[in-house]
Amino acid sequence: MNAKQGRVTVFVSEIFKESPKVKRFRLVSKNGTPLPKFSGGAHITTYINDAEQSIERHYSLINNPLQPDYYEIAINRSEQSKGGSIFWHDRVSEGQTLEISLPKNHFSLSFQAKHHVFFAAGIGITPFLAMARDLMAKGQTFELHYATYSKETCAFYEFLQENFPTQTHFYFSKEKNRMSTDIMKSQPIGTHVYFCGPESMVRQFADDAKTIGYPEKSIHFELFTPPDFGPSESFQVKLKKRNQLLTVAEDESLLDVLLKNGVQAPYSCKIGGCGSCELDILEGEVDHRDMFLTDKEKKEKKVILTCVSRGRNSPIVLDL
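Figured I'd write up the structure that's included with this text. Once a new chain begins, its residue numbering starts again from 1 and follows that chain's sequence as written. Local features in a predicted model are, by the rule used here, given only for residues with pLDDT of at least 70; side-chain atom pairs are given and counted only at 80 or more, and totals for whole chains, interfaces and linings are based on all residues. Excluded from the side-chain calculations are hydrogens and water; all other atoms, namely the structure's heavy atoms, are used.

1. Quick notes on the environment of Leu66
Locating Leu66 in the fold gives a position in the loop between strand 4 (54-60) and strand 5 (71-76). The classification of residues rests on relative accessible area computed with a 1.4 Å probe and restricted to protein chains. Under 20% of the type maximum is buried, over 50% is exposed, and intermediate values are partly exposed. For Leu66, a relative accessible area of 60% puts it in the exposed group. Considered as a pair, Leu66 and Asp134 are 68 residues apart in the sequence and their alpha carbons are 8.2 Å apart. Numbering of helices and strands runs from the N terminus, with a helix taken as a DSSP run of H or I at least four residues long and a strand as a DSSP run of E at least two residues long.

Right, dumping it as structure tokens:
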């Protein structure tokens, strides 16, 4: 392990095709030692240095958390990819070496839940594979609702049928069988709900869960891409202690600009879902674009999540 950077060197030992567009990659420690333990819902960041660019991506760990002798991730090949999924599918091969981060978990199972209900769409199934194994080992109850286009394109269909046949419910849009938020209405008191998939699906299900009456602490979700809140405009940020004024362009995040200018700003997920990059602001108005802060916190707290949120109208001032 590279202690300075908190990274682990691994190599790709095997590659499996799970569906026409999804591949599963098995990662093994380069020196043969067991990899750090993780819990269901955890993810790693992978770092690949291409000749043209450095590709940094986050992927859920999908294998059994009780067997850390290897990690597995599953990646959907997207034609809208900015380089990550296409690179993994087309250019990563068995035996290739790369660096990964230590496992991080911003989507963990709740210890308070009496029952767990998972809602997955497409590649959003990945975090629930390890979470289901965690719950099975602990003897806790759960159910999994999984929406995808068809049985033929459904990643992990056979695995789920074999390992969690009574807990898993499939919804294939090709057959006009759609997953509904009404499923949440008939759950027992003490149920926690978990959502993972496209931002539009996560937003709809999280909003409906609140409307149905689930407390915010019982609603959990994970995003793969930053929420889409419309066009971005450039804005300025003043670093008070440094007496420095910086400009954040339309295609940059505040986090990117801070890091580029030598500020050791905290961060983790980079998609507005974990809160790790939260900073206090002294002055200015924030265009909140995250899905981590509650509506009340967005109104009352003078903070900004630097990875996705932006300044609005006038410069914002940070105590940096």
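Picking up after the structure, the text goes on.
2. Concerning the pairing of strand 5
With five of its six residues buried, strand 5 lies for the most part within the structure. Of the pairings in the sheet, the one linking strand 2 (residues 22-29) to strand 5 comprises six bridges and is antiparallel in character. Bridging across to strand 5, Leu27 finds its partner in Tyr71. The rule for pairing is simple: two strands pair if DSSP sees at least two bridges between them.

3. Quick word on the pattern of salt bridges
Note that side chains of opposite charge can pair when their charged atoms are close. The term salt bridge refers to a pairing of a side-chain nitrogen on Lys or Arg with a carboxyl oxygen on Asp or Glu at a separation within 4 Å. Scanning all chains against the criterion turns up 14 salt bridges. With its nearest N and O atoms 3.1 Å apart, the salt bridge here joins Glu99 to Arg7. With a gap of 92 residues between them, Glu99 in strand 6 (residues 97-101) and Arg7 in strand 1 (residues 7-19) connect regions that are remote in the sequence. The exposure class of Glu99 is partly exposed, given its relative accessible area of 23%. In this structure, the salt-bridge partner of Glu72 is Arg26, at a minimum N-O distance of 2.8 Å. Placement of the pair is Glu72 in strand 5 and Arg26 in strand 2, with a sequence separation of 46 residues. With a relative accessible area of 5%, Glu72 lands in the buried category. Using a relative accessible area of 19% as the deciding quantity, one classes Arg26 as buried. Within this structure, Glu14, Glu18, Arg24, Arg26 and Glu72 form a network of salt bridges that share partners.

4. Digging into the pairing of strand 1
Where strand 1 meets strand 6, five bridges bridge the pair, whose relative direction is antiparallel. Counted as the bridge partner of Val8 is Ile100 from strand 6. Between strand 1 and the antiparallel strand that follows it, strand 2, lie two residues.

5. Section: the nonpolar core
Think of a nonpolar core as a cluster: buried Ala, Val, Leu, Ile, Met, Phe, Trp, Tyr and Cys residues, connected wherever their side-chain atoms sit within 4.5 Å. Core analysis: the largest hydrophobic core is formed by 27 residues, its most contacted members being Phe118, Ile125, Phe128, Tyr146, Phe156, Leu160 and Tyr194. Listed by contribution, the elements that provide at least two residues to this core are strand 7 (115-121), helix 2 (126-138), strand 8 (142-148), helix 3 (157-163), strand 9 (168-172) and strand 10 (191-196). Broken down by element, the residue count for this core peaks at five residues, all from helix 2. Every residue pair with non-hydrogen atoms within 4.5 Å of one another is taken to be in contact. With residues near it in sequence (within four places) discarded, Phe128 still touches Phe107, Phe118, Phe119, Ala120, Leu144, Tyr194, Phe195 and Cys196. The next biggest cluster of nonpolar side chains, apart from the first, holds 23 residues, and it includes Leu239, Ala265, Val286 and Val308.

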